[in-house]
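What follows is the residue order along each chain.
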Amino acid sequence: MSSMDTWIATGHLRNNRLSVDDYTIEVVEGPHQGQKLSLQEEVSRIGRAEWCDLSLPLDRRTSSLHCECWLEPQGVRIKDLNSRNGVFLQGCQVFDAYWPDGTVVQVGNSSLKLKNLHSTQEIHIITQDDSGTIVGQSPAMRKLFGMIRKIAQRNIPTLLQGETGTGKTTVARAIHDQGPRAGRPFVVVNCGALPHNLIEASLFGYEKGAFTGATKRHHGYFEQANGGTLFLDEIAELPLSLQPKLLDVLERKCIRRLGSEGEVRVDFRLVSATHKDLTEEIAAQRFRQDLFFRCATVTLEIPPLRERKKDIPLLLDRWLRSLLPSQSLQFTRPALDTLCGYSWPGNIRQLYNVLESAVTFLDGNTIDVKDLYLPGQEEEPAPTPSLFSMFPDVQPAKKEPSVDSLPASLPISPSYPTPPARMEPGDFALKSFLGEVEKALIVQALEYSNDNVQEAALRLGITGAWLYNRIKKYGLRD
């Protein structure tokens, strides 16, 4: 195998710089007329919230987070962020468009004019957050890094929304570590895992003798997080009867332990998370709307892994250096193609588990398809994008055979299984017969390809990853 047919998981993570023009945005009409913003980062945000890059708090028709501007070599790209009153470019409502130099965008009651200063600058394209906890180079993750940096310095209740396994706890930890409360308690509470009859005692604490079994005073999670950050994971699982009490704590910053007559002041930053759509939970009357507004001053969307597959090499690099810091491991091209083509229903948690399992049972220093356990992979024969097409700077030394250079189809082999002329019930099960035909086709494709799996896969019109799984299924190779 050529050295370029493998990818070594060391040193792949790198920071990039992008050369772009200098731009400024000026408010030419509205409550904040004369205010300017110099675009010096890849993403800048406009809205009523005080933490936005261009903050318009006096414009009541502007949403808290109204829109964002991406600084690109082609120019400035403006995106509406589901704002209440929209974004209008030269009178036309836009959702994602390039903003021409010298033109005006209407945001709420404010008119914003873009100006090209006709000079250039280099902006830093980050591939990890400031704490070094999270890595990623996809646009969604780069945007997330910028949001974390902005809100970490402010005591803003933050809601993280994303599927199970996307890393919401890691993001919450990054917010804590980048803020002024770093080094103080970071308390994680999984609301869905607390025993129903002990939730209130776990959160608020209790005094000795408050109930049977309370042999001493216990400080609840609110007190444990005092001075630091309280992370309420799966907050949608909190019982409806307890939600008003949580709302009261967030508003008054006081708690009362079970069995106590006095109150205790608490000071913590709240970060909460859920994999559910809280607007649907509110409509179904399973979650209080006033608590939602109190918890979600800022909402961060954590993208699923299937939407950020370009981040897979960075994740592998980070984890391998953690699992085996003294060993240099390689991935074969089919293994990487398989990882980048999989749908990842369990997101990055599943990716880590697959990697840990592969490393645990690995003989040698090369991870191949056979070392990866991906449930349901055999049911996914559709072609998937190659890692090498996703990263043009990493290319194999030898060009793979193309479909045009191969026969249009395999010649018919007389050794193919054929069903009996007259079949009785139970004589020849359909699945068994199709399996025999499939096996025979694979054997012949491998023979014609001199056991080159990638070429055989092209002949058969399937992916190399799927062919590897079939070879393993039928025991065609050691």
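Residues numbered from 1 in each chain as written. Predicted model: local features only at pLDDT ≥ 70, side-chain atom pairs only at ≥ 80, totals over all residues. Heavy atoms only, no water.

### Brief notes about the packing of aromatic side chains
Right, so step 1: Per the stated rule, a full pass over the model turns up 7 aromatic pairs.
Right, so step 2: Aromatic side chains Phe186 and Phe231 sit 6.4 Å apart centroid to centroid with 10 degrees between the ring planes, which places their arrangement in the stacked category. Of this pair, Phe186 sits in strand β14 (residues 186-190) while Phe231 sits in strand β17 (residues 229-233); the two residues are 45 residues apart in sequence, bridging distant segments of the chain.
Right, so step 3: Relative accessible area serves as the criterion here: at 0%, Phe231 is assigned to the buried category.
Right, so step 4: With centroids separated by 5.1 Å and ring planes inclined at 75 degrees, the aromatic side chains of Phe204 and Phe222 adopt a geometry described as edge-to-face. Here the residue Phe204 occupies a position in helix α3 (residues 199-204), and Phe222 occupies one in helix α4 (residues 221-224), the gap between them amounting to 18 residues. With respect to class, Phe204 is no different from Phe222; both count as buried. (Phe/Tyr/Trp six-rings, centres within 6.5 Å; stacked < 30°, edge-to-face > 60°. Helix = DSSP H or I, 4+ residues; strand = E, 2+ residues; numbered from the N terminus. Buried < 20%, exposed > 50% of the residue type's maximum accessible area, 1.4 Å probe, protein only.)

### Digging into the confidence of the model for the protein
Right, so step 1: Confidence in the prediction for the protein averages 84 pLDDT; 84% of positions are at 70 or higher.
Right, so step 2: This model gives residues 379-416 a pLDDT under 50, and the stretch forms 61 contacts once residues within four places in sequence are excluded. (pLDDT = per-residue confidence, 0-100. Contact = heavy atoms within 4.5 Å.)

### A few points about the pattern of salt bridges
Right, so step 1: One pass over the structure, following the stated rule, counts 25 salt bridges.
Right, so step 2: The partner of Lys150 in a salt bridge is Asp53, and the shortest N-O contact between them spans 2.5 Å. A residue pair is termed long-range when its members are at least 10 positions apart, and Lys150 in helix α1 (residues 139-152) and Asp53 in the loop between β4 (43-47) and β5 (54-55) qualify at 97 residues.
Right, so step 3: For Lys150, a relative accessible area of 18% puts it in the buried group.
Right, so step 4: The exposure class of Asp53 is partly exposed, given its relative accessible area of 21%.
Right, so step 5: Within the structure, one salt-bridge network assembled from shared partners comprises Glu207, Arg217, Glu223 and Arg257. (Salt bridge = Lys/Arg side-chain N within 4 Å of Asp/Glu carboxyl O.)

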